[in-house]
Amino acid sequence: MKLLTLLEVGNLEGLAIMIIALIFVVVFVVSLVVAVITKVIYELSNKKKFSTGQFWMTVLISMLVGGLISGVVCGGM
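A few points on the structure. Keep in mind that what you see is a predicted model, and the values were worked out from it rather than measured.

**Some remarks on the nonpolar core**
The biggest cluster of nonpolar side chains holds six residues, and these are Val27, Ala35, Phe50, Phe55, Val59 and Met63. Contributing elements (two or more residues each) for this core: α1 (13–45) and α2 (52–75). Beyond its immediate chain neighbours, meaning those up to four positions away, phenylalanine 50 contacts Thr38, Lys39, Tyr42, Glu43, Phe55 and Thr58.

**Section: the packing of aromatic side chains**
Counted under the stated rule, the structure contains two aromatic pairs. Centroid distance phenylalanine 55 to tryptophan 56: 5.2 Å. Interplanar angle 85°. Geometry classified as edge-to-face.

**Re the environment of phenylalanine 55**
Structurally, phenylalanine 55 is set in helix α2. For phenylalanine 55, a relative accessible area of 15% translates into the label buried. A C-alpha to C-alpha distance of 7.2 Å links phenylalanine 55 and lysine 39, two positions 16 residues apart in sequence. In this structure, phenylalanine 55 is in contact with Leu32, Ala35, Val36, Lys39 and Phe50, ignoring residues within four places of it in sequence.

**Thoughts on the packing of α1 against α2**
Where α1 contacts α2, the axes come no closer than 8 Å and their chain directions differ by 135°. Looking at the two axes, α1 sits oblique to α2. Where α1 crosses over α2, the handedness of that crossing is right-handed. Contacts from Ile23, Phe24, Val27, Phe28, Ser31, Leu32, Val34, Ala35, Val36, Thr38, Lys39 and Tyr42 of α1 reach α2 at Gln54, Phe55, Trp56, Thr58, Val59, Ser62, Met63, Gly66, Gly67, Ser70 and Cys74.

**Some remarks on the pattern of salt bridges**
All chains considered together, the criterion is met by one salt bridge. Glutamate 43 is the salt-bridge partner of lysine 49, the closest N and O atoms lying 3.9 Å from each other. On the basis of relative accessible area, glutamate 43 is assigned to the partly exposed category, the value being 28%.

What counts as what
Residues numbered from 1 in each chain as written. Predicted model: local features only at pLDDT ≥ 70, side-chain atom pairs only at ≥ 80, totals over all residues. Heavy atoms only, no water. Core = buried A, V, L, I, M, F, W, Y, C linked by side-chain atoms within 4.5 Å. Buried < 20%, exposed > 50% of the residue type's maximum accessible area, 1.4 Å probe, protein only. Helix = DSSP H or I, 4+ residues; strand = E, 2+ residues; numbered from the N terminus. Contact = heavy atoms within 4.5 Å. Phe/Tyr/Trp six-rings, centres within 6.5 Å; stacked < 30°, edge-to-face > 60°. Axes fitted to C-alpha atoms, helices over the stretch in contact; angles between N-to-C directions. Parallel < 35°, antiparallel > 145°, perpendicular 65-115°, else oblique. Left-handed = near helix turned anticlockwise from the far one by under 90°. Salt bridge = Lys/Arg side-chain N within 4 Å of Asp/Glu carboxyl O.

As structure tokens, this is what we get:
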């Protein structure tokens, strides 16, 4: 007998979308925290300013890494 996935049980698309949205929000918040910590460390060690572009690039890279990690955890290796 074939194992049923969550979406094959019936009308649980909303639940799957909510889980994906929850993962996205958590990864975004964690990425913002990582970017703020990176900004503080960068500006303390250097006397240079951490630009807005660098900040959002740090958030994006952190989100991509977080997405990869959550994909491994949720999808299995």
